[in-house]
Amino acid sequence: MAELYHLGVATSLVPRLAVLVDPMLSTAPLIAATGGRQVATRREYVNHLGLWDGQPVLVTTVGVGAPPLAIAVEELARAGMRTVVLMGTATFVDVDTSWLLPHGAVRGDGTSAQYAPLAFPAVPDPALRAQLADETGGHTSYGLVETVDVLDGASTCPMTIAARDLRCAALFVVAAAKGVRAAAVLTDAGTPDTTGGRAGHDMAEAVLRSLTATDIEE
Amino acid sequence: MTLATGPGAPRYALLPGDPGRVERLLEHLQDPVVTQHEPPFVEALGRVEGTPVLVAATGMGGPSVALSVGRLVARGVDTFVRVGGAGSVSPEVGFHQIVVASAAVRHEGASSHFLPASGPAVADPGVVDALLRAARAQGQSVRCGVVHTKDSFFGEIDPASTPLEDDLRSAWRSWQRLGVLASEMEAAVLFCLATRHGVRAGAVVKVNDVVQVDGAAWTDDDDLCRLAVAGMAELIRSDRG
């Protein structure tokens, strides 16, 4: 049976919708909401396949940094995934809400440069981004995130940013290169993970509603 | 050339590139009055939903946008909607298609004066969503996505005429494969300038069907102007809360 080289998921199981999850965050609310069952575990990728609103959704942990994130997006897109949300973490610099909804990313990473010239903007899909804003209203705010490859390195970015992370620029640019819709929601890595609790449960369901609503719109 | 410098500009500005489009935008505003007649920086005032709105032509290209919009920010404008023409990049984008820009490729020089090269030229999401709400309300079929901003018009429409033909064609294929919808000459600079100054900007462009060097051909832009003004009305209403 054909399976994704790094993720280990059977190619035939890959659905149109996926949530990629930072390993610092709990996947329990997403798995509970989708009734997900583990379909593969390989390297840093733990994959659960479930159902939301009658549609299959893959929930996959993505390891650290842009390279394994790009591998996950590539392999899933090649197998038919069309819409993806990253639930990630970031170092918040200036964010008033518990989650940041990035409307663009500074491309301080190495990965995105291997997909598109630096002139290309690292931005989420506008329809998915707007749907996430509607569904998570009150818990999220817009801001620019600076994506870097080393979080505790010296930042030299001479512009105002809301947060610093390890994945968003690569997510947005790789998604554009593969022709899939992508967006992200990020929570502060400096505060305790609340994604296992009630707030995390609400956020997980909002992400799942955004995925199905945007996919239908296409 | 006259560039107005006085204080007292309203918060909201519509930005055509072509000064000739100022009059056509004014057809959709209340109490229109042209306040500066000399091209390229023709300026006019009117009202949308009773609120004063500036219509200010930017001229073509990043340097002209940087100069004119920079002055508008200094005069207190904090919400910009560019209303312009474009060429198609994606095979899925045909003549007369209206495109709302979510972001822009920075294939130009001026934006690097406002943001580092790694920064995104991205529209304000609130402006994007207002333009899309207006399009839905008007029943207009628009596309939303990334546009390409360039400094050389003829590098796009006639690459064979330039010494960089191979590079331009190769880059063009990359923009197509990255899903870029249309190409124009101002959005990336406007977005980077706005991000740098903490103000809101968006852009809506219409794909021209004819490029005619002698200048006779023209694409009707009434639907574009109506949409831009309706988008501004959406913003004004949502700012009132």
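Residues numbered from 1 in each chain as written. Chains lettered and ligands numbered in written order. Predicted model: local features only at pLDDT ≥ 70, side-chain atom pairs only at ≥ 80, totals over all residues. Heavy atoms only, no water.

## Side note on the interface of chain A and chain B
Each side of the interface is counted separately: chain A has 26 residues, and chain B has 26 residues. Viewed at the interface, chain B and chain A are joined by one salt bridge. Residue Asp129 of chain B is joined to Arg129 of chain A by a salt bridge in which the shortest nitrogen-to-oxygen separation is 2.8 Å. Applying the counting criterion to the chain A and chain B interface returns three residue pairs in polar contact (both at pLDDT 80 or more). Considering each element in turn, the side of chain A that touches chain B owes the most residues, five residues, to strand β6 (residues 99-107) of chain A. A breakdown of the residues in the side of chain A that touches chain B according to their chemical character gives 21 nonpolar, three polar and two charged. (Contact = heavy atoms within 4.5 Å. Salt bridge = Lys/Arg side-chain N within 4 Å of Asp/Glu carboxyl O. Polar contact = N/O pair within 3.5 Å; in protein donor to acceptor, adjacent residues only side chain to side chain. Helix = DSSP H or I, 4+ residues; strand = E, 2+ residues; numbered from the N terminus. Nonpolar A, V, L, I, M, F, W, Y, C, P; charged D, E, K, R; others polar.)

## Describing the side chain of Ser118 of chain B
Mapped onto the elements, Ser118 of chain B comes out in the loop between β6 (98-107) and β7 (121-122). Overall, the relative accessible area of 17% leaves Ser118 of chain B in the buried class. (Buried < 20%, exposed > 50% of the residue type's maximum accessible area, 1.4 Å probe, protein only.)

## So, the pairing of strand β1 (residues 12-16) of chain B
Residue and element names in this part refer to chain B. The element β1 is largely enclosed, with a buried count of five among its five residues. Residues of β1 alternate between two faces, with Tyr12, Leu14 and Pro16 on one and Ala13 and Leu15 on the opposite face, all of them buried. Where β1 meets strand β4 (residues 51-56), three bridges bridge the pair, whose relative direction is parallel. Paired with Tyr12 across the bridge in β4 is Val53. Relative to strand β5 (residues 79-88), β1 runs parallel, the two being bridged by five bridges. (Pairing = 2+ DSSP bridges.)

## A look at the pattern of salt bridges
Residues and elements named next belong to chain B. Overall, the coordinates contain 26 salt bridges over all chains when judged by the stated rule. When the shortest N-O distance is used, the salt bridge between Arg75 and Glu43 registers 2.9 Å. With a gap of 32 residues between them, Arg75 in the loop between α2 (62-74) and β5 and Glu43 in strand β3 (residues 43-48) connect regions that are remote in the sequence. By the burial criterion, Arg75 is buried, and Glu43 matches it. A salt bridge links Asp223 to Lys206; the nearest nitrogen and oxygen atoms lie 2.9 Å apart. Taken as a pair, Asp223 in helix α7 (residues 222-240) and Lys206 in strand β10 (residues 200-207) lie far apart in primary sequence, 17 residues in all. Residues Asp223 and Lys206 agree in their burial class; the two are buried.

## A word on the packing of helix α3 (residues 125-138) of chain B against α7 of chain B
All names here are of chain B. Across the interface, α3 lies against α7 with an axial gap of 8 Å and an inter-helix angle of 120°. In terms of orientation, α3 and α7 fall into the oblique class. The way α3 lies across α7 gives a crossing that is right-handed. Residues Gly126, Val127, Ala130, Leu131, Arg133, Ala134, Ala135 and Gln138 of α3 form the contact with α7, whose own contacting residues are Arg226, Leu227, Ala228, Ala230, Gly231, Glu234, Leu235 and Ser238. Taken together, the residues of the contact of α3 with α7 sort by class into nine nonpolar, four polar and three charged. (Axes fitted to C-alpha atoms, helices over the stretch in contact; angles between N-to-C directions. Parallel < 35°, antiparallel > 145°, perpendicular 65-115°, else oblique. Left-handed = near helix turned anticlockwise from the far one by under 90°.)

## Here we look at the environment of Gly50 of chain A
Residue and element names in this part refer to chain A. Mapped onto the fold, Gly50 is located in strand β3 (residues 45-52). Judged by its relative accessible area of 7%, Gly50 is buried. Put simply, Gly50 and Gly35 are 15 residues apart on the chain and 5.2 Å apart in space, counted from C-alpha to C-alpha. If we ignore the near neighbours within four places in the chain, the residues touching Gly50 are Thr34, Gly35, Gly36, Gln55, Pro56 and Val57.

## Overview of the confidence of the model for chain B
Per-residue confidence for chain B gives a mean pLDDT of 92; residues scoring 70 or more make up 93%. In the predicted assembly, ipTM is 0.85 and pTM is 0.91. (pLDDT = per-residue confidence, 0-100.)

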